[in-house]
Amino acid sequence: DVTLAGTLTIPQGAGPFPALVMVTGSGPQNRDEELYGFKPFRVIADHLTRKGIAVLRYDDRGVGGSSRGTPDATTEDFTGDALAGVAFLAKRPEIQATRIGIFGHSEGGLVAALAASRSRDVAFIIMLAGTAVPGERIIRAQAEAIARANGATDADLAKLGAQQDLLFKAVRAGEGWEAVVESARALGREQIQKLPDAQRKAIPDPDKAIDVAIQQQLAAAKSKWYRFFIDYDPAQALAKVTCPVLALFGSLDLQVPAEMNRKAVEEATKKAGNRDVTVKTYDGANHLFVKAVTGSPMEYPTLEKTFVPALLEEVSGWIVARTK
């Protein structure tokens, strides 16, 4: 019952062409994965199409021209969406049906791995900052890395960890939300008090701001998507992927930390007996593969909206070498 709207870019010249489906990261996003005016998927699609690779990118459920679908969709549902894209491409005369891959960013990398583990119609996958360890580990590592980048002390991190313990316990038990709210409210007040005077004064009603943030957090935590995400181990899917894999990370990515995830990719694909696995970390790149200072998401609006050097050429070169 879901209709997805997207853009298919087709190279000039005689086909049929190899192709890929692009899958965005967590949260509803448009076909360009637009953020602060940066349109990474549009840039990538343009580059790849000029290199002879057709690209399908689509609006996530509930965004742009795509229908909303059900509110309880999980990563598994999004995997079905990506495979629907593969099936759509395979029916088109301009496309080589045996040369269709999936390109996923962040959670989209997990979708790519899941899709390839379930369908031999997926000829290759590209994981751009793709998660390769259970979601709980990602969320904990992400929160700690961002907090440290913003000046948190060891004591601050201990309190943050305790609050996360309460949250994960409540998610799994379906109860205990009152303790989560109380802990989050106390932590929020403490964090606001530590802000520089100018930033603190810019928040006219701190308690209201905290409550709004807590309600947003609870809404996400009580979703089926969150429940699935925190416990699912992407290594299970990667250990079944036998098609070519390109996994790229940024050394300053604070949302999907490079080291823990690249190791997980290497170990899982080794179990699969996959001999065509390329893993690389770009020095100084953040989660968006833009040159960063600290990697904190707070920097995103101020950074130059262009990819780190060589990224696009290396991605297209890798695809071309495997789809000749």
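Treat the numbers as computed from the prediction; the structure is a model and nothing was measured. (Residues numbered from 1 in each chain as written. Predicted model: local features only at pLDDT ≥ 70, side-chain atom pairs only at ≥ 80, totals over all residues. Heavy atoms only, no water.)

**As for the overall build of the protein chain**
Part 1 of the argument: What the protein chain contains, in helices and strands, is twelve helices and seven strands.
Part 2 of the argument: For 324 residues, the compact-globule formula gives about 20 Å, and the C-alpha radius of gyration of the protein chain, at 20 Å, lands near that figure.
Part 3 of the argument: Expressed as lengths along the three principal axes of its C-alpha atoms, the size of the protein chain is roughly 65 × 40 × 40 Å.
Part 4 of the argument: Counting across all 324 residues of the protein chain, residues that qualify as buried make up 47%.
Part 5 of the argument: Nonlocal contacts in the protein chain, meaning residues at least 24 apart in sequence, comprise 75% of its contacts between residues at least 6 apart.
Part 6 of the argument: Only carbon and sulfur atoms are counted for the fraction: they give 52% of the accessible area of the protein chain, which is about 15,500 Å².
Part 7 of the argument: Placing the 39 positive and 39 negative side-chain charges of the protein chain at their respective mean positions leaves the two points 4 Å apart. (Helix = DSSP H or I, 4+ residues; strand = E, 2+ residues; numbered from the N terminus. Rg over C-alpha atoms; globule rule 2.2 N^0.38 Å. Buried < 20%, exposed > 50% of the residue type's maximum accessible area, 1.4 Å probe, protein only. Contact = heavy atoms within 4.5 Å. Areas by Shrake-Rupley, 256 points an atom, 1.4 Å probe, with all protein chains shown as cover. Lys, Arg positive; Asp, Glu negative; His and termini not counted. Charge placed at Lys NZ, Arg CZ, Asp CG, Glu CD.)

**Description of the packing of helix H5 (residues 154–173) against helix H9 (residues 224–231)**
Part 1 of the argument: Interhelical geometry of H5 versus H9 gives an angle of 115° and a closest axis separation of 10 Å. The angle between H5 and H9 falls in the class roughly perpendicular. Crossing of H5 against H9: the hand is left-handed. Of the residues in H9, those in contact with Leu167, Phe168, Val171 and Arg172 of H5 are Tyr226, Arg227, Ile230 and Asp231.
Part 2 of the argument: Here the residues of the contact of H5 with H9 are counted per class, giving five nonpolar, no polar and three charged. (Axes fitted to C-alpha atoms, helices over the stretch in contact; angles between N-to-C directions. Parallel < 35°, antiparallel > 145°, perpendicular 65-115°, else oblique. Left-handed = near helix turned anticlockwise from the far one by under 90°. Nonpolar A, V, L, I, M, F, W, Y, C, P; charged D, E, K, R; others polar.)

**Description of the sheet that holds strand S7 (residues 277–282)**
Part 1 of the argument: In space, the seven strands of this open sheet follow the order S1-S3-S2-S4-S5-S6-S7, with mixed pairing throughout. Sheet topology places strand S1 (6–9) and S7 at the edges, where each strand pairs with a single neighbour. Strand-to-strand twist across the sheet, computed as the mean angle between neighbouring axes with direction ignored, equals 15°.
Part 2 of the argument: Bridge count between S1 and strand S3 (residues 54–58): four bridges; the pairing is antiparallel. Residue pairing across strands places Thr7 opposite Arg57, the latter belonging to S3.
Part 3 of the argument: Each of strand S2 (17–23), strand S4 (95–105) and strand S5 (125–128) touches helix H3 (residues 107–118); the most contacted strand, S4, lies at about 145° to it. (Pairing = 2+ DSSP bridges.)

**Observations regarding the packing of aromatic side chains**
Part 1 of the argument: This structure, assessed with the given rule, holds seven aromatic pairs.
Part 2 of the argument: The ring of Trp177 is capped by Lys222, whose NZ or CZ atom sits 5.0 Å from the centre of that ring. (Phe/Tyr/Trp six-rings, centres within 6.5 Å; stacked < 30°, edge-to-face > 60°. Lys NZ or Arg CZ within 6 Å of the ring centre and 35° of its normal.)

**Digging into the pattern of salt bridges**
Part 1 of the argument: Counted under the stated rule, the structure contains 25 salt bridges.
Part 2 of the argument: Across the pair Glu136 and Arg172 runs a salt bridge whose closest N-O atoms are separated by 2.5 Å. On the criterion of sequence distance, the pair formed by Glu136 in helix H4 (residues 135–149) and Arg172 in helix H5 is long-range, its members being 36 residues apart.
Part 3 of the argument: Glu266 is paired through a salt bridge with Arg262; the nearest N and O atoms lie 3.3 Å apart. (Salt bridge = Lys/Arg side-chain N within 4 Å of Asp/Glu carboxyl O.)

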